[in-house]
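Notes for the structure review
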Amino acid sequence: MKIASPKISKSLDILDVQRALLEDNYVSNGLVTTLELDREQEEKIIFDQIHFQHISLEGVRFHRVEFIDCLFEKCDLSNVDFGDAVFHRVEIRGSKLLGANISQSRMTEVKIVDSVANYVSMSFSKLKKVSFTKIAFNRADFIEATFDKVNFEDCELNEANFTGTALSGIDLSSNTYEQLTVSLDQMQNCTVSTEQAVGFAKSLGLKIKE
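These lines cover the structure that appears in this document, whether it is placed above or below.

The next subject is the overall build of the protein chain. When you go through the protein chain residue by residue, the secondary structure sums to two helices and nine strands. When the helices and strands of the protein chain are listed from N to C terminus, the series reads α-β-β-β-β-β-β-β-β-β-α. Relative to the compact-globule value of 17 Å for 210 residues, the protein chain shows a C-alpha radius of gyration of 18 Å, a close match. With the C-alpha coordinates of the protein chain rotated into their principal frame, the extents come out at 65 × 30 × 25 Å. Counting over 210 residues, the protein chain shows a buried share of 47%. Pairs at least 24 residues apart make up 8% of the contacts formed inside the protein chain by residues separated by at least 6 positions. When the accessible surface of the protein chain is split by element, carbon and sulfur atoms take 43% of a total near 11200 Å². Taking the 23 positively charged and 32 negatively charged side chains of the protein chain as two groups, their mean positions are separated by 6 Å.

Structure follows, in structure tokens:
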């Protein structure tokens, strides 16, 4: 599946977000290497064509934030509240999203790679053309999310919760977990490994004869 990369200039000037926000809630075209925001962002902020590098947003609560053509590189997004956010052509690399709330959000053309997202919540979110590669999603919530061309590859999914989420077209075979919560009636056309299939069969109460 081909996912469009963020449309960002390779030669961005360092941007002072705090100063930019004094003028407008639309922040565009810049490299952000330091960022100090109030814990509670009351106004909607739109970030357009921004490269976030080594910044921390830990614990910040946004109000319907929107990211367009943005790259997060080695950032700490732990416990951030992105609830009801919009992500369009966004890439997150080598970052922490521990306990982040991304529920009821909309993701389109998004890539998250080599990151730690244990306890993250993407419940009730709509994901279209989204790729997760080498992500620790242990105890993550995807409850009643909507997936359209979503890819999980080499992820840790132990105790992740997909209750009420249709997994048609999803390939879980390269991912690892000891326990996974799914709605079995939503598993049609989901691809799993032989070992995973045995686990699901046992969850149905079937006895596996070796």
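Below, the discussion takes up the nonpolar core. Counting 60 residues, the largest nonpolar core has Phe47, Phe52, Leu57, Phe82, Phe132, Phe137 and Phe152 as its most contacted members. If we skip the residues at most four places from it in the chain, Phe47 touches Val17, Val27, Phe52, Phe62, Val65, Glu66, Phe67, Ile68 and Cys70.

Bringing the state of the cysteines into the picture now. Overall, the coordinates contain zero disulfides when judged by the stated rule. In this structure Cys70 is not part of a disulfide, and its nearest cysteine sulfur, from Cys75, lies 11 Å away.

Look at Gln49: it is not a glycine, yet its phi comes out positive at around 60°. Within the element layout of this structure, Gln49 appears in strand β2 (residues 46–53). Since its relative accessible area comes to 25%, Gln49 is described here as partly exposed. The backbone of Gln104 sits at a positive phi, close to 55°, despite the residue not being glycine. Position of Gln104 among the secondary structure elements: in the loop between β4 (86–93) and β5 (106–116).

Now for the pairing of strand β6 (residues 126–136). With nine bridges joining them, β5 and β6 adopt parallel strand pairing. Bridge pairing in β6 links Lys111 to Ser131.

This brings us to the pairing of strand β3 (residues 66–73). Buried residues dominate β3, accounting for seven of its eight residues. In the sheet, β2 pairs with β3 via seven bridges, with the strands oriented parallel. The residue bridging His51 from the neighbouring strand is Leu71, located in β3. Bridge analysis of β3 against β4 gives seven bridges, and the strand direction is parallel.

Moving on, we get to the packing of aromatic side chains. Going through the model one piece at a time under the given rule, you end up with 20 aromatic pairs. Considering the side-chain rings of Phe132 and Phe142, the 6.5 Å spacing of their centres and the 55° angle between planes classify their relative orientation as tilted. Here Phe132, found in strand β6, pairs with Phe142, found in the loop between β6 and β7 (146–153); they are 10 residues apart in sequence, far enough to count as distant. On the accessibility criterion, Phe142 (0% relative accessible area) is buried. Here a set of aromatic residues connected by ring pairs shows up, and it is made of Phe47, Phe52, Phe62, Phe67, Phe72, Phe82 and Phe87.

Conventions adopted
Every chain is numbered independently, its residues counted from 1 as its sequence is written. Totals for whole chains, interfaces and linings use every residue, but because this is a predicted model, local features are given only for residues with pLDDT of at least 70 and side-chain atom pairs only at 80 or more, for both listing and counting. Excluded from the side-chain calculations are hydrogens and water; all other atoms, namely the structure's heavy atoms, are used. Where helices and strands are cited, they refer to DSSP runs of H or I of at least four residues and of E of at least two residues respectively, numbered from the N terminus. The reference for a compact globule is 2.2 Å times residues^0.38; the radius of gyration itself is calculated from the C-alpha atoms. Type-normalised accessible area, obtained with a 1.4 Å probe on protein chains alone, sets the label of each residue: buried when under 20%, exposed when over 50%, and partly exposed for intermediate values. We call two residues in contact whenever any of their non-hydrogen atoms come within 4.5 Å of each other. For the area figures, the Shrake-Rupley method with a 1.4 Å probe applies, and any residue is considered shielded solely by the protein chains shown. We score Asp and Glu as negative and Lys and Arg as positive, and we do not count His or the chain ends. A charge is said to be at NZ when it belongs to Lys, at CZ for Arg, at CG for Asp and at CD for Glu. We define a nonpolar core as any set of buried Ala, Val, Leu, Ile, Met, Phe, Trp, Tyr and Cys residues linked to one another through side-chain atoms lying within 4.5 Å. Disulfides are defined in this document as cysteine sulfur pairs within 2.5 Å. Two strands qualify as a pair provided that DSSP identifies no fewer than 2 bridges between them. Aromatic rings from Phe, Tyr and Trp, taking only the six-membered ring of Trp, are treated as a pair when their centres fall within 6.5 Å; an angle between ring planes under 30 degrees marks them as stacked, one over 60 as edge-to-face, and anything in between as tilted.

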